[in-house]
Amino acid sequence: RGLALFFDAWLHVLDGRRLPEPRVVASPAVTAAHAGEGEPGVTRGTGTRYEVMFLLEAPDAAVPAFRATWDALGDSIVVVGGDGLWNCHVHTDDIGAAVEAGIEAGRPSKIHVTDLWEQVEALEADWVAAAAPVEARPCAVVAVATGDGVTDLLEHLGVGVVVAGGQSMNPSTQQILDAVERSGGETVVVLPNNKNIIPVAEQAAALATRPVHVVPTRSVVEALAALIELDPEQPAADNAVAMAGAAGRVRTGEVTRAVRDSQAACGPIAAGDWIGITRAGIGTCADSAVAAAIGVLDELVAPADELVTILVGADADPGDVERLRAHLAGTRPEVEVEVHRGGQPLYPFLVGVE
(Lines give C-alpha, C1' and ligand atoms only; values in the text may rest on other atoms or scores of the structure.)
Protein backbone atom coordinates (compact mmCIF):
# COMPACT_ATOMS: atom_id res chain seq x y z
CA ARG A 1 0.00 0.00 0.00
CA GLY A 2 2.85 2.35 0.80
CA LEU A 3 4.50 1.71 -2.55
CA ALA A 4 1.19 2.24 -4.37
CA LEU A 5 0.69 5.56 -2.58
CA PHE A 6 4.24 6.59 -3.49
CA PHE A 7 3.51 5.99 -7.19
CA ASP A 8 0.17 7.81 -6.92
CA ALA A 9 1.91 10.84 -5.42
CA TRP A 10 4.62 10.69 -8.09
CA LEU A 11 2.04 10.67 -10.89
CA HIS A 12 0.17 13.52 -9.20
CA VAL A 13 3.30 15.70 -9.22
CA LEU A 14 4.43 14.74 -12.74
CA ASP A 15 1.11 14.47 -14.55
CA GLY A 16 -1.51 16.11 -12.36
CA ARG A 17 -3.39 12.89 -11.74
CA ARG A 18 -5.79 12.94 -8.83
CA LEU A 19 -4.61 11.50 -5.53
CA PRO A 20 -6.73 8.63 -4.14
CA GLU A 21 -9.05 9.36 -1.27
CA PRO A 22 -7.65 8.25 2.12
CA ARG A 23 -9.04 5.01 3.42
CA VAL A 24 -10.98 5.50 6.66
CA VAL A 25 -10.50 2.63 9.11
CA ALA A 26 -12.92 2.29 12.01
CA SER A 27 -11.31 1.40 15.33
CA PRO A 28 -12.70 -1.88 16.72
CA ALA A 29 -14.18 -1.89 20.20
CA VAL A 30 -11.11 -3.64 21.63
CA THR A 31 -8.98 -0.63 20.73
CA ALA A 32 -11.35 1.76 22.49
CA ALA A 33 -11.43 -0.52 25.51
CA HIS A 34 -7.67 -0.26 25.93
CA ALA A 35 -7.48 3.49 25.30
CA GLY A 36 -7.67 4.41 28.98
CA GLU A 37 -5.19 1.84 30.28
CA GLY A 38 -1.85 2.68 31.83
CA GLU A 39 -0.44 5.15 34.31
CA PRO A 40 -1.14 8.89 34.01
CA GLY A 41 1.21 10.50 31.51
CA VAL A 42 2.03 7.22 29.73
CA THR A 43 1.44 7.31 25.99
CA ARG A 44 -0.75 4.45 24.78
CA GLY A 45 -0.07 2.82 21.44
CA THR A 46 -1.84 3.76 18.24
CA GLY A 47 -2.94 1.64 15.30
CA THR A 48 -3.45 -2.09 15.45
CA ARG A 49 -2.21 -3.54 18.71
CA TYR A 50 -1.09 -7.12 18.11
CA GLU A 51 1.34 -8.85 15.76
CA VAL A 52 0.21 -12.42 14.99
CA MET A 53 2.55 -14.87 13.25
CA PHE A 54 2.27 -18.57 12.49
CA LEU A 55 3.13 -21.28 10.00
CA LEU A 56 0.13 -22.49 8.03
CA GLU A 57 -0.22 -25.89 6.41
CA ALA A 58 -2.91 -25.31 3.79
CA PRO A 59 -3.59 -26.10 0.12
CA ASP A 60 -2.58 -23.33 -2.24
CA ALA A 61 -6.18 -22.95 -3.38
CA ALA A 62 -7.29 -21.95 0.16
CA VAL A 63 -4.80 -19.09 0.49
CA PRO A 64 -6.64 -16.35 -1.52
CA ALA A 65 -9.71 -16.61 0.72
CA PHE A 66 -7.45 -16.65 3.79
CA ARG A 67 -5.71 -13.47 2.61
CA ALA A 68 -9.06 -11.80 1.97
CA THR A 69 -10.18 -12.59 5.53
CA TRP A 70 -6.98 -11.12 6.95
CA ASP A 71 -7.40 -8.00 4.77
CA ALA A 72 -10.59 -7.29 6.68
CA LEU A 73 -8.94 -7.93 10.05
CA GLY A 74 -5.77 -5.84 9.93
CA ASP A 75 -2.74 -4.64 7.99
CA SER A 76 0.99 -5.31 7.44
CA ILE A 77 -0.08 -8.65 5.99
CA VAL A 78 2.57 -11.08 4.76
CA VAL A 79 1.66 -14.55 3.47
CA VAL A 80 4.60 -16.21 1.71
CA GLY A 81 5.42 -19.77 0.78
CA GLY A 82 3.84 -22.41 -1.38
CA ASP A 83 3.40 -26.13 -1.90
CA GLY A 84 1.21 -26.38 1.17
CA LEU A 85 3.33 -24.43 3.71
CA TRP A 86 2.92 -20.69 4.34
CA ASN A 87 4.62 -18.21 6.66
CA CYS A 88 1.92 -15.77 7.84
CA HIS A 89 2.12 -12.36 9.57
CA VAL A 90 -0.53 -9.73 10.35
CA HIS A 91 -1.05 -6.68 12.60
CA THR A 92 -4.56 -6.84 14.06
CA ASP A 93 -6.74 -6.06 17.06
CA ASP A 94 -8.53 -9.44 16.91
CA ILE A 95 -6.10 -12.25 17.74
CA GLY A 96 -8.78 -14.93 17.86
CA ALA A 97 -10.23 -14.11 14.44
CA ALA A 98 -6.75 -14.06 12.89
CA VAL A 99 -6.01 -17.55 14.21
CA GLU A 100 -9.49 -18.85 13.34
CA ALA A 101 -8.95 -17.75 9.73
CA GLY A 102 -5.89 -19.98 9.69
CA ILE A 103 -7.87 -22.89 11.12
CA GLU A 104 -10.51 -22.47 8.43
CA ALA A 105 -7.82 -22.54 5.71
CA GLY A 106 -5.72 -25.37 7.13
CA ARG A 107 -3.55 -26.12 10.15
CA PRO A 108 -1.71 -23.23 11.87
CA SER A 109 1.28 -24.04 14.11
CA LYS A 110 4.05 -22.22 16.01
CA ILE A 111 1.66 -19.35 16.76
CA HIS A 112 3.37 -16.25 18.17
CA VAL A 113 1.60 -13.09 19.39
CA THR A 114 3.35 -9.80 20.28
CA ASP A 115 1.76 -6.77 21.94
CA LEU A 116 3.06 -3.91 19.78
CA TRP A 117 1.77 -1.24 22.16
CA GLU A 118 3.79 -2.69 25.03
CA GLN A 119 6.91 -2.64 22.84
CA VAL A 120 6.38 1.05 22.08
CA GLU A 121 5.84 1.88 25.75
CA ALA A 122 9.01 -0.01 26.72
CA LEU A 123 11.02 1.93 24.15
CA GLU A 124 9.58 5.23 25.39
CA ALA A 125 10.53 4.30 28.95
CA ASP A 126 14.08 3.52 27.77
CA TRP A 127 14.30 6.91 26.04
CA VAL A 128 13.13 8.73 29.18
CA ALA A 129 15.64 6.86 31.33
CA ALA A 130 18.41 7.50 28.82
CA ALA A 131 17.79 11.26 29.00
CA ALA A 132 18.93 11.38 32.64
CA PRO A 133 22.35 13.02 33.16
CA VAL A 134 25.36 10.70 33.43
CA GLU A 135 28.34 11.32 35.72
CA ALA A 136 31.34 12.80 33.88
CA ARG A 137 34.37 10.52 33.39
CA PRO A 138 37.49 10.37 31.20
CA CYS A 139 36.00 7.55 29.09
CA ALA A 140 32.35 6.60 28.68
CA VAL A 141 30.86 3.72 26.71
CA VAL A 142 27.78 3.74 24.48
CA ALA A 143 26.39 0.39 23.31
CA VAL A 144 23.56 -0.66 21.01
CA ALA A 145 21.42 -3.53 22.28
CA THR A 146 17.93 -4.86 22.84
CA GLY A 147 16.57 -6.98 25.67
CA ASP A 148 16.26 -6.02 29.34
CA GLY A 149 18.71 -8.67 30.50
CA VAL A 150 21.29 -7.64 27.91
CA THR A 151 20.90 -4.00 28.96
CA ASP A 152 21.44 -4.90 32.63
CA LEU A 153 24.59 -6.87 31.76
CA LEU A 154 26.05 -4.03 29.72
CA GLU A 155 25.33 -1.42 32.38
CA HIS A 156 26.79 -3.66 35.08
CA LEU A 157 30.03 -3.87 33.06
CA GLY A 158 30.33 -0.11 32.67
CA VAL A 159 28.19 1.01 29.74
CA GLY A 160 26.86 4.50 30.41
CA VAL A 161 24.16 4.72 27.72
CA VAL A 162 22.41 1.84 25.93
CA VAL A 163 20.76 2.72 22.61
CA ALA A 164 17.77 0.51 21.77
CA GLY A 165 18.46 -1.40 18.56
CA GLY A 166 19.77 -4.55 16.96
CA GLN A 167 18.84 -6.97 14.22
CA SER A 168 15.94 -5.51 12.15
CA MET A 169 15.85 -2.41 14.40
CA ASN A 170 18.90 -0.33 13.51
CA PRO A 171 19.22 3.01 15.34
CA SER A 172 19.89 6.16 13.35
CA THR A 173 23.13 8.12 13.28
CA GLN A 174 21.38 10.86 15.26
CA GLN A 175 20.32 8.44 18.01
CA ILE A 176 23.89 7.24 18.52
CA LEU A 177 25.20 10.80 18.31
CA ASP A 178 22.70 11.92 20.96
CA ALA A 179 23.80 9.05 23.21
CA VAL A 180 27.45 10.03 22.78
CA GLU A 181 26.72 13.65 23.67
CA ARG A 182 24.85 12.77 26.90
CA SER A 183 27.21 9.95 27.94
CA GLY A 184 29.23 12.28 30.18
CA GLY A 185 32.56 11.04 28.81
CA GLU A 186 35.37 13.35 27.80
CA THR A 187 36.08 10.61 25.27
CA VAL A 188 33.69 7.81 24.22
CA VAL A 189 33.84 4.21 23.01
CA VAL A 190 30.89 2.97 20.94
CA LEU A 191 29.99 -0.73 20.73
CA PRO A 192 27.57 -1.20 17.78
CA ASN A 193 27.08 -4.97 18.37
CA ASN A 194 25.81 -5.60 14.84
CA LYS A 195 27.62 -5.49 11.50
CA ASN A 196 24.89 -3.32 9.95
CA ILE A 197 25.24 -0.72 12.73
CA ILE A 198 29.04 -0.37 12.50
CA PRO A 199 28.96 2.19 9.63
CA VAL A 200 26.19 4.14 11.41
CA ALA A 201 28.32 4.30 14.57
CA GLU A 202 31.36 5.41 12.55
CA GLN A 203 29.34 8.21 10.97
CA ALA A 204 28.17 9.34 14.41
CA ALA A 205 31.79 9.30 15.62
CA ALA A 206 32.80 11.57 12.74
CA LEU A 207 30.10 14.09 13.69
CA ALA A 208 30.61 14.07 17.47
CA THR A 209 31.99 17.07 19.36
CA ARG A 210 34.38 14.89 21.40
CA PRO A 211 36.80 12.06 20.53
CA VAL A 212 34.86 8.88 19.76
CA HIS A 213 36.30 5.46 18.92
CA VAL A 214 34.17 2.66 17.48
CA VAL A 215 35.06 -0.89 18.49
CA PRO A 216 33.49 -2.88 15.61
CA THR A 217 31.65 -5.51 17.66
CA ARG A 218 29.24 -7.64 15.64
CA SER A 219 27.47 -9.24 18.59
CA VAL A 220 26.60 -8.30 22.14
CA VAL A 221 28.60 -11.35 23.28
CA GLU A 222 31.71 -9.71 21.81
CA ALA A 223 30.79 -6.54 23.72
CA LEU A 224 30.68 -8.43 27.02
CA ALA A 225 34.22 -9.69 26.44
CA ALA A 226 35.40 -6.25 25.36
CA LEU A 227 34.02 -4.56 28.48
CA ILE A 228 36.21 -6.72 30.72
CA GLU A 229 39.12 -4.63 29.37
CA LEU A 230 37.44 -1.27 30.04
CA ASP A 231 39.30 1.22 32.25
CA PRO A 232 37.06 4.31 32.54
CA GLU A 233 40.01 6.36 33.86
CA GLN A 234 41.91 5.90 30.60
CA PRO A 235 41.09 7.70 27.32
CA ALA A 236 38.91 6.03 24.70
CA ALA A 237 41.83 5.58 22.29
CA ASP A 238 43.66 3.30 24.74
CA ASN A 239 40.49 1.47 25.77
CA ALA A 240 39.46 0.88 22.16
CA VAL A 241 42.69 -1.00 21.37
CA ALA A 242 42.36 -3.33 24.36
CA MET A 243 38.62 -3.82 23.89
CA ALA A 244 38.95 -4.61 20.18
CA GLY A 245 41.56 -7.24 21.00
CA ALA A 246 39.26 -8.90 23.54
CA ALA A 247 36.28 -8.82 21.18
CA GLY A 248 38.37 -10.33 18.40
CA ARG A 249 39.16 -13.37 20.51
CA VAL A 250 35.47 -14.32 20.74
CA ARG A 251 33.83 -16.60 18.17
CA THR A 252 30.10 -16.01 18.07
CA GLY A 253 26.97 -17.81 16.94
CA GLU A 254 23.24 -17.20 17.04
CA VAL A 255 20.02 -19.14 16.67
CA THR A 256 16.97 -17.78 14.90
CA ARG A 257 14.12 -18.91 12.67
CA ALA A 258 14.22 -18.91 8.86
CA VAL A 259 11.67 -16.57 7.30
CA ARG A 260 11.79 -18.11 3.81
CA ASP A 261 12.94 -21.20 1.96
CA SER A 262 16.62 -21.17 1.04
CA GLN A 263 19.73 -23.28 0.57
CA ALA A 264 22.92 -23.25 2.67
CA ALA A 265 25.99 -25.37 3.31
CA CYS A 266 23.95 -27.45 5.76
CA GLY A 267 21.39 -28.29 3.04
CA PRO A 268 17.88 -27.07 2.16
CA ILE A 269 16.13 -24.73 4.62
CA ALA A 270 12.34 -24.32 4.85
CA ALA A 271 10.54 -21.28 6.23
CA GLY A 272 10.07 -21.83 9.96
CA ASP A 273 13.14 -24.02 10.45
CA TRP A 274 15.55 -23.11 13.25
CA ILE A 275 18.99 -22.16 11.95
CA GLY A 276 22.37 -21.74 13.62
CA ILE A 277 24.54 -18.95 12.21
CA THR A 278 28.24 -18.27 12.76
CA ARG A 279 30.66 -16.03 10.90
CA ALA A 280 31.12 -18.90 8.45
CA GLY A 281 27.42 -18.75 7.56
CA ILE A 282 24.44 -20.99 8.26
CA GLY A 283 25.94 -24.23 9.52
CA THR A 284 22.93 -25.84 11.18
CA CYS A 285 19.26 -26.33 10.31
CA ALA A 286 16.98 -28.07 12.81
CA ASP A 287 13.38 -28.46 13.90
CA SER A 288 13.96 -26.89 17.33
CA ALA A 289 15.89 -23.97 18.77
CA VAL A 290 17.86 -26.14 21.16
CA ALA A 291 18.95 -28.52 18.38
CA ALA A 292 20.18 -25.55 16.35
CA ALA A 293 22.02 -24.21 19.41
CA ILE A 294 23.72 -27.57 19.95
CA GLY A 295 24.84 -27.47 16.32
CA VAL A 296 26.33 -24.01 16.84
CA LEU A 297 28.20 -25.14 19.96
CA ASP A 298 29.57 -28.23 18.22
CA GLU A 299 30.78 -26.02 15.38
CA LEU A 300 32.40 -23.36 17.56
CA VAL A 301 33.85 -25.04 20.66
CA ALA A 302 37.40 -26.33 20.15
CA PRO A 303 39.63 -28.34 22.56
CA ALA A 304 41.68 -25.28 23.58
CA ASP A 305 38.66 -23.12 24.47
CA GLU A 306 38.02 -22.16 28.08
CA LEU A 307 34.74 -20.25 28.25
CA VAL A 308 31.29 -20.50 26.65
CA THR A 309 28.82 -17.64 27.19
CA ILE A 310 25.13 -18.16 26.38
CA LEU A 311 22.60 -15.31 26.32
CA VAL A 312 19.05 -16.64 26.64
CA GLY A 313 16.37 -14.84 24.62
CA ALA A 314 12.87 -13.78 25.59
CA ASP A 315 11.18 -16.78 23.96
CA ALA A 316 13.65 -19.52 24.96
CA ASP A 317 12.42 -22.60 26.81
CA PRO A 318 14.06 -22.99 30.27
CA GLY A 319 14.28 -26.72 29.66
CA ASP A 320 16.36 -26.06 26.54
CA VAL A 321 18.91 -24.16 28.64
CA GLU A 322 19.42 -27.24 30.82
CA ARG A 323 19.80 -29.39 27.71
CA LEU A 324 22.58 -27.09 26.50
CA ARG A 325 24.33 -27.30 29.86
CA ALA A 326 24.06 -31.08 29.83
CA HIS A 327 25.37 -31.27 26.26
CA LEU A 328 28.45 -29.20 27.08
CA ALA A 329 29.04 -31.15 30.30
CA GLY A 330 29.04 -34.37 28.28
CA THR A 331 31.10 -33.20 25.30
CA ARG A 332 33.34 -30.44 26.73
CA PRO A 333 33.46 -30.91 30.53
CA GLU A 334 36.62 -28.82 30.81
CA VAL A 335 34.92 -25.68 29.49
CA GLU A 336 33.42 -23.12 31.89
CA VAL A 337 29.84 -22.21 30.95
CA GLU A 338 28.18 -18.87 31.78
CA VAL A 339 24.44 -18.53 31.11
CA HIS A 340 22.76 -15.12 31.35
CA ARG A 341 19.18 -14.03 30.76
CA GLY A 342 19.37 -11.66 27.81
CA GLY A 343 15.71 -11.15 27.01
CA GLN A 344 16.54 -10.38 23.37
CA PRO A 345 13.72 -10.97 20.83
CA LEU A 346 13.94 -13.18 17.72
CA TYR A 347 17.14 -14.94 18.87
CA PRO A 348 16.50 -17.52 21.64
CA PHE A 349 20.25 -18.13 21.98
CA LEU A 350 23.35 -15.99 21.41
CA VAL A 351 26.62 -17.82 21.93
CA GLY A 352 30.19 -16.69 22.49
CA VAL A 353 33.25 -18.96 22.73
CA GLU A 354 36.75 -17.96 23.80
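This report concerns the structure included in the present document. Note that this is a predicted model, so its numbers are computed, not measured. Note on numbering: residues in each chain are counted from 1, in written sequence order. In view of the model being predicted, local features appear only for residues whose pLDDT reaches at least 70, and side-chain atom pairs are presented and counted only at 80 or more, with totals across whole chains, interfaces and linings using the full set of residues. Computation of side-chain values: all heavy atoms of the structure, hydrogens and water removed.

## Structural notes on the nonpolar core
- Core analysis: the largest hydrophobic core is formed by 28 residues, its most contacted members being L154, V189, L191, L227, M243 and L311.
- Segments assigned H or I by DSSP are reported as helices when at least four residues long, segments assigned E as strands when at least two residues long, and all are numbered from the N terminus. Put simply, the parts of the chain that give this core at least two residues each are β5 (137-145), α6 (148-156), β7 (185-191), α9 (220-227) and α10 (236-248).
- Per element, the largest residue contribution to this core is 7 residues, and it comes from α9.
- The criterion is simple. A nonpolar core is a set of buried Ala, Val, Leu, Ile, Met, Phe, Trp, Tyr and Cys residues joined through side-chain atoms within 4.5 Å. Burial status follows relative accessibility: with a 1.4 Å probe on protein chains alone, a residue under 20% of its type maximum counts as buried, one over 50% as exposed, and anything between as partly exposed. Formed by 23 residues, the second largest nonpolar core is a distinct cluster that contains A289, V296, L297 and V321.

## Quick look at the environment of V296
- Its location among the elements puts V296 in helix α11 (residues 289-300).
- V296 gets classed as buried once you look at its relative accessible area, which sits at 0%.
- It is 9.9 Å that separates the C-alpha atoms of V296 and C285, two residues lying 11 residues apart in sequence.
- Whether two residues are in contact is decided by their heavy atoms, any of which lying within 4.5 Å being enough. Filtering out sequence-adjacent residues up to four positions away, V296 remains in contact with G253, E254, V255, G276, I277, T278, T284 and V351.

## Some details on the sheet that holds strand β13 (residues 281-286)
- Two strands qualify as a pair provided that DSSP identifies no fewer than 2 bridges between them. Spatially, β13-β12-β9-β16-β14-β15 is the arrangement adopted by the 6 strands of the open sheet, whose pairing is mixed. The two strands at the open ends of the sheet, each matched to only one other strand, are β13 and β15 (336-341). In this sheet, adjacent strand axes meet at a mean angle of 20° when their direction is disregarded.
- Bridge count between strand β14 (residues 307-312) and β15: 6 bridges; the pairing is parallel. Opposite T309, over in β15, you have E338 as the bridge partner.
- Together, β14 and β15 form the strand contacts of α6, whose direction differs from that of β15 by roughly 115°. Throughout, an axis means a line fitted to C-alpha atoms (over the contacting stretch in the case of helices), and angles, computed between N-to-C directions, take values from 0 to 180 degrees.

## Description of the sheet that holds strand β4 (residues 107-115)
- As summarised here, the arrangement of the 4 strands in space is β2-β3-β1-β4, forming an open sheet in which the pairing is antiparallel. Each edge of the open sheet is held by one strand with a lone partner, namely β2 (74-82) and β4. Ignoring strand direction, the axes of neighbouring strands in this sheet form an average angle of 10°.
- Judged from the 7 bridges that link them, β2 and strand β3 (residues 85-92) form a sheet pairing that is antiparallel. The partner of G81 across the bridge, within β3, is W86.
- Helix-sheet contacts for helix α3 (residues 63-73) involve β1 (50-57), β2 and β3, and the interaxial angle to β2 is about 165°.

## So, the pattern of salt bridges
- A pair is scored as a salt bridge if a Lys or Arg side-chain nitrogen falls within 4 Å of a carboxyl oxygen belonging to Asp or Glu. The full count for this structure, using the stated rule, is 8 salt bridges.
- Its salt-bridge partner being D15, residue R17 comes within 3.2 Å of it at the nearest N-O pair.
- Put simply, R210 and E181 hold a salt bridge, and the shortest N to O gap is 3.2 Å. Residue R210 is located in the loop between α8 (198-207) and β8 (212-214), and its partner E181 is located in helix α7 (residues 173-181); the two are separated by 29 residues in the primary sequence.
- For E181, a relative accessible area of 28% puts it in the partly exposed group.

## Things to note about the packing of aromatic side chains
- Each aromatic pair joins two rings of Phe, Tyr and Trp (for Trp, the six-membered one) with centres within 6.5 Å, and gets the label stacked for planes under 30 degrees apart, edge-to-face for over 60, and tilted for any other angle. This structure, assessed with the given rule, holds 6 aromatic pairs.
- The interplanar angle of 45° and the centroid separation of 4.6 Å between the aromatic rings of F66 and W70 together place this pair among those described as tilted. Highlighted residues: F66 and W70, both in helix α3, separated by 4 residues, approximately one helical turn.
- Relative accessible area serves as the criterion here: at 2%, F66 is assigned to the buried category.
- A residue is classified by how much of its surface remains accessible, and W70, at 0% relative accessible area, is buried.

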